[in-house]
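Next come the chains, spelled out residue by residue.
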Amino acid sequence: AICSNGKTVGNAACCQLFPLLADLQENLFDSPCNEPVREVLHLAFHDAMGFSIRGGVGGGSDGSIITFASIETTFPENTALVGVIGWVTPLIARHNFSDGDFLHFAAAVGIATCPGAPRPNFLLGRPQARAPAESGLVPNASDSVTAILARFADVNINPSEVVALLAAHSVAADYDTDPVIPGAPFDTTPGIFDTQIFTEVLLRGVLFPGNGSNVGEVLSPLRGEVRLQSDFEIARDSRTACLWKELVGNQARMQSQFKAAFSSLSVTGQNTAAMVDCSDVIPIPAPVTVPPFFPQGFTSADIEDFCPSVQLPPLSTLPGPAPIVDSA
Ligand code: HEM
Ligand SMILES: [Ca+2]
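Residues numbered from 1 in each chain as written. Chains lettered and ligands numbered in written order. Predicted model: local features only at pLDDT ≥ 70, side-chain atom pairs only at ≥ 80, totals over all residues.

## As for the overall build of the protein
- Check the secondary structure of the protein and you find 12 helices and 8 strands.
- Computed over C-alpha atoms, the radius of gyration of the protein comes to 19 Å, within 12% of the 20 Å expected from 2.2 N^0.38 for 328 residues, which places it in the range of a compact globule.
- Taking the contacts inside the protein whose residues are at least 6 apart along the sequence as the reference set, 74% of them involve residues at least 24 apart. (Helix = DSSP H or I, 4+ residues; strand = E, 2+ residues; numbered from the N terminus. Rg over C-alpha atoms; globule rule 2.2 N^0.38 Å. Contact = placed C-beta atoms within 7 Å.)

## Brief notes about the nonpolar core
- Grouped together as the largest cluster of nonpolar side chains are 80 residues, with contacts concentrated most on Val 40 and Ala 106.
- Among the elements that make up this core, the one with the highest residue count is helix 6 (residues 99-111) (8 residues).
- Looking at which domains feed residues into this core, each of domain 1 (15-138 + 262-281) and domain 2 (145-251 + 291-317) gives three or more.
- If we skip the residues at most four places from it in the chain, Ala 106 touches Leu 24, Val 40 and Val 88. (Core = buried A, V, L, I, M, F, W, Y, C linked by C-beta atoms within 7 Å. Buried ≥ 20, exposed ≤ 12 C-beta atoms within 10 Å, placed from the backbone. Domains from an automatic or database assignment.)

## What to know about the site of ligand 1
- Close to ligand 1 lie 23 residues, the nearest being Arg 38, Ala 168, Ala 172, Tyr 175 and Asp 176.
- Secondary structure elements with two or more residues in the shell around ligand 1: helix 2 (35-48) and strand 2 (173-174).
- Top contributing element to the shell around ligand 1 by residue count: helix 2, with 5 residues.
- Looking at the shell around ligand 1 residue by residue, the class counts come to 13 nonpolar, 6 polar and 4 charged. (Near = placed C-beta within 6 Å. Nonpolar A, V, L, I, M, F, W, Y, C, P; charged D, E, K, R; others polar.)

## Side note on the packing of helix 2 against helix 5 (residues 82-94)
- The interhelical angle for the contact between helix 2 and helix 5, taken along N-to-C directions, is 105°, at an axis separation of 10 Å. The angle between the axes of helix 2 and helix 5 places the two elements in the roughly perpendicular class. Residues Pro 36, Glu 39, Val 40 and Leu 43 of helix 2 touch helix 5, and the partners they reach there are Val 84, Trp 87 and Val 88.
- Grouping the amino acids of the contact of helix 2 with helix 5 by side-chain chemistry returns 6 nonpolar, no polar and 1 charged. (Axes fitted to C-alpha atoms, helices over the stretch in contact; angles between N-to-C directions. Parallel < 35°, antiparallel > 145°, perpendicular 65-115°, else oblique.)

## Thoughts on the UniProt feature "active site" (unreviewed entry) in the protein
- Annotation from UniProt places "active site" (unreviewed entry) at His 46.
- Following the sequence through the fold, His 46 ends up in helix 2.
- You can call His 46 partly exposed: it has 19 C-beta atoms within 10 Å.
- If we skip the residues at most four places from it in the chain, His 46 touches Ile 65, Glu 77, Asn 78, Leu 81 and Val 138. (UniProt positions renumbered as here; feature names shortened; annotations may be inferred.)

## Points about helix 2
- Helix length check: helix 2 (14 residues) gives 20 Å between terminal C-alpha atoms against 20 Å at 1.5 Å per residue, within 8%.
- A large share of helix 2 lies buried, amounting to 10 of its 14 residues.
- Inspection of helix 2 places Pro 36, Val 37, Arg 38, Glu 39, Val 40, Leu 41, Leu 43, Ala 44, Asp 47 and Ala 48 among the buried residues, and these make up the whole buried set.
- The inward-facing, buried residues of helix 2 contact helix 3 (64-67), helix 5, helix 6, strand 2 and helix 12 (251-265). (Expected span 1.5 Å × (residues − 1).)

## Here we look at the UniProt feature "domain: Plant heme peroxidase family profile" (unreviewed entry) in the protein
- UniProt marks residues 98-311 with the feature "domain: Plant heme peroxidase family profile" (unreviewed entry), using the numbering shown here.
- Helix and strand shares over residues 98-311 are 29% and 7% respectively, and the end C-alpha atoms of the span are 46 Å apart.

## Side note on the packing of helix 2 against helix 6
- For the pair helix 2 and helix 6, interaxial distance at closest approach is 9 Å and the crossing angle is 135°. As judged from the angle between their axes, helix 2 and helix 6 are oblique. Handedness of the helix 2/helix 6 crossing: left-handed. Where helix 2 approaches helix 6, its residues Val 37, Val 40, Leu 41, Leu 43, Ala 44 and Asp 47 are matched on the opposing element by Leu 103, His 104, Ala 106, Ala 107, Gly 110 and Ile 111.
- Residues of the contact of helix 2 with helix 6, tallied by class, amount to 9 nonpolar, 2 polar and 1 charged. (Left-handed = near helix turned anticlockwise from the far one by under 90°.)

## As for the confidence of the model for the protein
- Confidence along the protein averages 98 in pLDDT terms, with 100% of residues attaining 70 or more.
- Of the two predicted TM-score estimates for the complex, the pTM is 0.98 and the ipTM is 0.99. (pLDDT = per-residue confidence, 0-100.)

## Remarks on the domain arrangement of the protein
- Here the domain parsing of the protein yields domain 1 (15-138 + 262-281) and domain 2 (145-251 + 291-317).
- A separation of 24 Å is found between the C-alpha centroids of domain 1 and domain 2.
- In this complex, domain 1 contributes 20 residues to the contact, which on the side of domain 2 involves 17 residues.
- Where the side of domain 1 that touches domain 2 is concerned, the elements lending two or more residues are helix 2 and helix 12.
- In terms of residue class, the side of domain 1 that touches domain 2 is made up of 14 nonpolar, 5 polar and 1 charged.

So, in structure tokens, the structure goes:
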């Protein structure tokens, strides 16, 4: 079908997404991906986790975190998401989509503003949420790997997909774990969807970047960079260390695995047979232009290796002294 804006899509029902795409691009997102992109992605993740294959705890990727914000933002894991819900509320009001379609479309469009990201898929057709999710369904950074993998298995996401999804922490910053350094990123390139998170989490930790040791935080290799305990442990656990190391410096592999895993995350609890594939509405992201690297002062000798059977690709070290990572 040819839409009224001249764009061609596979299914005419997808044409209605173009005005929302333009509104998101003009009034919320920026490239390289900005704080609203990161927070919408974070919101979509928390919404998606509100589901169980055993039933009874919520409708998954249904936008209930927006529809029932007055309930779900009282959950401790969601209190920091009040702000982003406020940012998206006027956009939702200007268009005619369910909260679930809005949120998971916005997350896909947001990812596409990050250079280096894969082009996310998007399926249209989430019914309006009928009930809030329960509290306690989103993993904490202080949870064990066993608990984290079990929680993801309960939304039909396997360990390999969990590792790939953590590429999202390549465009992420911390506000609550260590509140004295708000906006401290998890890798040195929070505006680029790259593999630096996989490299940098394997570097030996030597310091706490802010106010000492906080719950869910472990030693970081760099001033200004926060390292989550969960990322640290998933990178080193025997169930996930090789999956993690395979993504170090491997942009193409990271992109294809993230793309597939994110497709699953964005439809937890949904009946995909009743949805329309509108992936062709999502913009094609810009490529990453800088090759993967070790931050200044680091080499392969600083990598903590929990998977000797996987070879590290050759990475060069950026010139100069070790940086203080800027807040994102
Ligand atoms: C192992 C499971 C995970 C844990 C324990 C975890 C934990 C966290 C924590 C503690 C933060 C910092 C929040 C703050 O203080 O502001 C964070 C940020 C973030 N996470 Fe995760 N996360 C996980 C998986 C994911 C997944 C699967 C995604 C998306 C696909 C994701 C996307 C993000 C984003 C985009 C941010 C940054 C938000 C911002 O910049 O404002 N996370 N995560
Ligand atoms: Ca990055």
